[in-house]
Amino acid sequence: MKQYRWGILAPGKMAAKFTAGLKLLEKAELFAVGSRDIIRAEKFAKEYGFKKFYGSYEELAVDPDVDIIYIASPHSCHYEHTMLCLRNRKAVICEKAFALNSREVEEMISEADRQNVFLMEALWPPFQPFYKKAAEILESGKTGRPVHLRGYFSFIPPYHPEDRKFNLALGGGSLLDIGIYPVIDALTFIGVPDEIKATASFAPTGSEESVSAIFRYNDGRMATIYSSFKTSIGIGCDILCEKGNMTVSRGRDMNQRLILGVHNTGNQEFVFNPPAMGYHWEAEEVMKCLDEGKTESSAVPLSFSLDLIKTLDRIRNAAGIAFPQDGNKSLKAGTVEG
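To start, this report covers the structure provided alongside it. (Residues numbered from 1 in each chain as written. Predicted model: local features only at pLDDT ≥ 70, side-chain atom pairs only at ≥ 80, totals over all residues. Heavy atoms only, no water.)

## Observations concerning the overall build of the chain
Of regular secondary structure, the chain possesses nine helices and 15 strands. Compactness check: the chain gives a C-alpha radius of gyration of 20 Å against a globular reference of 20 Å for 338 residues, within 12% of the reference. Its C-alpha atoms give the chain principal-axis dimensions of roughly 60 × 45 × 40 Å. Burial statistics for the chain: of 338 residues in total, 56% are counted as buried. Considering only contacts within the chain whose residues lie at least 6 apart along the sequence, 65% involve residues at least 24 apart. In the chain, the 40 positive side-chain charges and the 43 negative ones have mean positions that sit 2 Å from each other. (Helix = DSSP H or I, 4+ residues; strand = E, 2+ residues; numbered from the N terminus. Rg over C-alpha atoms; globule rule 2.2 N^0.38 Å. Buried < 20%, exposed > 50% of the residue type's maximum accessible area, 1.4 Å probe, protein only. Contact = heavy atoms within 4.5 Å. Lys, Arg positive; Asp, Glu negative; His and termini not counted. Charge placed at Lys NZ, Arg CZ, Asp CG, Glu CD.)

This is how it looks when you write it as structure tokens:
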């Protein structure tokens, strides 16, 4: 059994959750940690059992013994750090959002192809049992075709202007941080929308703190998307279908619930509590693909990541959400993006 030596780029809370998943996998060797702060890298390495630690991301990327690097830096750094790792021919799994905009994602995909190395966005939902169960039910035809989807994710964090959630330079705002989940729901269960309308409200830093979007499809179907740092509704998605409905939801500890209601019958409830919050399945997929000589995952294909970031761009364009890295592109709030 081949073992893969894992590196962690940017050790923080998200990296800790992912590492807990790695610990469940026999094929995963906790090998190296890279941080801009060597003390932080050393602390993380000792706490979780990594063999090496570095005080820069570059040292991690050039280590010839590292096979795979998991990137957990802020959204605004994903492009730079992914390109650094790809150019050093490391397999990469990078946290969502993959990058700030579609231009960056397209360049990341092109570089992975140029280097002939593996690249995947670290999307949690596709690997989870409640998501797979929802897809299975829809495929069975039991509920009929989805007609409308309502996706939402909101919670109220402490407001600190320099926090990545509110810092515009770091890609702050609810959309890329949590709004990405209901967008994933819509793309997965209905598809890429033909038209998007969106509006947003903004924090004092200029970052978006709440966003609502309506997706319209040419066949008459619709989806509504909501994310916010101003309300606390939790995480969920209602899939309204021709012959029944489904609600999928999860808690902050990633416990998962699916409620199925078919017209004129009672509700069925499915509950799932995966170990390590289910993060190990993402890492397992990376190693499976490498075993098979693949440079892309069929579970999270790069085409899906491109559809996702393009949809996020369209929402931002319609709602007037801009980042400094967007350059001189003019975004007008309240416009319709077709």
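Having seen it, we continue.
## Some points on the sheet that holds strand β4 (residues 68-71)
An order of β3-β2-β1-β4-β5-β6 is seen for the six strands of this open sheet, with the pairing classed as parallel. The sheet is open, and its two edges are formed by β3 (52-54) and β6 (119-122), each paired on a single side. Averaged over all neighbouring strand pairs, the angle between strand axes comes to 25°, with direction disregarded. With three bridges connecting them, strand β2 (residues 28-34) and β3 associate as parallel partners. Bridging across to β3, Val-33 finds its partner in Phe-53. Running over the sheet, helix α2 (residues 38-48) touches β1 (4-9), β2 and β3 and is turned about 160° from β3. (Pairing = 2+ DSSP bridges. Axes fitted to C-alpha atoms, helices over the stretch in contact; angles between N-to-C directions.)

## Digging into the nonpolar core
In terms of nonpolar packing, the biggest core is built from 112 residues, with Trp-6 and Phe-215 touching the most fellow members. Counting residues per element, this core draws most heavily on helix α7 (residues 174-189), at 10 residues. (Core = buried A, V, L, I, M, F, W, Y, C linked by side-chain atoms within 4.5 Å.)

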